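# Structure at a glance
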Amino acid sequence: MNKSLLIAGMALLLAACAGPTVTRIQTLDESADAPYGDILVVSLFQSFDTRRFFEEEIVKQLQDRGVNAVASTSLIPVTTPLSRDSVLAAVDEANADGILVTQLVNSSTTARFRNQRPESTYNFRPTYYYNVWSVEYTEYVEPKGLEAQHDLTMATEIFSASTKEPVWTIETQSRLKRDINQQFSGTSVADEAKAIANAMSRDGLLDR
């Protein structure tokens, strides 16, 4: 994951409000061994803290739906590289029948500079002439401010623990905005996790 994607992903975690748009990429095949009652949750970010934060939100959503979900960061130490072997070891430890893997796959950013609102002062003084006033006007203009919009795409896959093959895939599109005052609005990690869990529930992946 390159630096821009990581920054965008971190920004997503700090934002709030609007939910993501969900697109089904791979629908659940009838031959899959779903539904799953024990799910290992894995997120692929460079930052361990980001992984843990994201995984814990998804685990919370799945547990609220009656599923036994476990975050990989609770089983794989921060000093252990995230790899196929370490994930499979966590699958065995959690006795999971399904593996949920989420990662940031695309990010695009548009930005523009805007003039910030100027402040001004007026000084009025009378003159020696009837009904004539002296006016001094001073305007203080701040440097231009930057507005930015980040469009993010997350991919979420469910793997069968027995076959190690993906059985279901979705993409979620989210939008994050930063206004001229550096205030954020857009999708929160809780919204992202809720959208993923809702899609899993609707598509029959959860054994409740």
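A brief structural summary. Residues take numbers from 1 onward in each chain, read along the sequence in its written order. Residues qualify for local features only when their pLDDT is at least 70, as the model is predicted, and side-chain atom pairs are given and counted only at 80 or more; totals for whole chains, interfaces and linings, by contrast, use all residues. Only hydrogens and water are set aside; all other atoms, that is, all heavy atoms of the structure, feed into the side-chain values.

### Digging into the overall build of the protein chain
So the rule is basically this: Only DSSP runs of H or I with at least four residues qualify as helices, and only runs of E with at least two residues qualify as strands; both kinds are numbered from the N terminus onward. When checking whether two residues touch, look at their non-hydrogen atoms; a contact exists if any pair is within 4.5 Å. The method behind every accessible area is Shrake-Rupley, applied with a 1.4 Å probe, and residues are considered shielded solely by the protein chains displayed.
Along its length, the protein chain carries 4 helices and 9 strands. The order of α-helices and β-strands along the protein chain, N terminus first, is α-β-β-α-β-α-β-β-β-β-β-β-α. Long-range pairs, those at least 24 residues apart, make up 74% of the contacts in the protein chain with a sequence separation of at least 6. In the structure as shown, the protein chain presents an accessible area of about 11900 Å², 49% of it carried by carbon and sulfur atoms.

### Quick notes on unusual backbone geometry
Heads up, the rule is: When accessible area is computed with a 1.4 Å probe and restricted to protein chains, residues below 20% of their type maximum are described as buried, those above 50% as exposed, and intermediate ones as partly exposed.
Between Ala-34 and Pro-35 the backbone carries a cis peptide bond, its omega angle lying at 5°. By the secondary structure assignment, Pro-35 is in the loop between β1 (21-26) and β2 (38-44). One non-glycine residue, Asn-95, lies in the positive phi region at around 55°. Examined against the element boundaries, Asn-95 turns out to sit in the loop between α3 (84-94) and β4 (98-114). In this structure Asn-95 comes out as exposed when scored by relative accessible area, which is 60%.

### Description of the pattern of salt bridges
This is how the line gets drawn: The working definition used for a salt bridge is a side-chain nitrogen of Lys or Arg within 4 Å of a carboxyl oxygen of Asp or Glu.
Inspection of every chain in the model, using the stated rule, returns 2 salt bridges. With a closest N to O distance of 2.7 Å, Asp-203 and Arg-24 form a salt bridge. One end of the pair, Asp-203, is in the segment after α4 (189-202); the other, Arg-24, is in strand β1, and 179 residues separate them in sequence. Exposure remark for Arg-24: the relative accessible area of 34% places this residue in the partly exposed category. With a closest N to O distance of 2.7 Å, Asp-49 and Arg-52 form a salt bridge.

### Focus: the side chain of Thr-156
Defined as follows: Throughout this description, a polar contact denotes any pair of N or O atoms lying within 3.5 Å of each other; where both atoms belong to protein, one of them has to be capable of donating a hydrogen while the other can accept it, and for residues adjacent in sequence the pair is counted only when both atoms sit in side chains.
Take Thr-156: it is sitting in strand β7 (residues 145-160). Look at Thr-156 and you get buried, because its relative accessible area is 0%. Within the structure, the side chain of Thr-156 is placed 3.2 Å from the side chain of Thr-102, a separation counted as a polar contact. Ignoring any residue separated from it by four or fewer positions in sequence, one finds Thr-156 in contact with Leu-100, Val-101, Thr-102, Trp-168, Thr-169, Ile-170 and Ile-196.

Nothing here speaks to function; it is geometry throughout.
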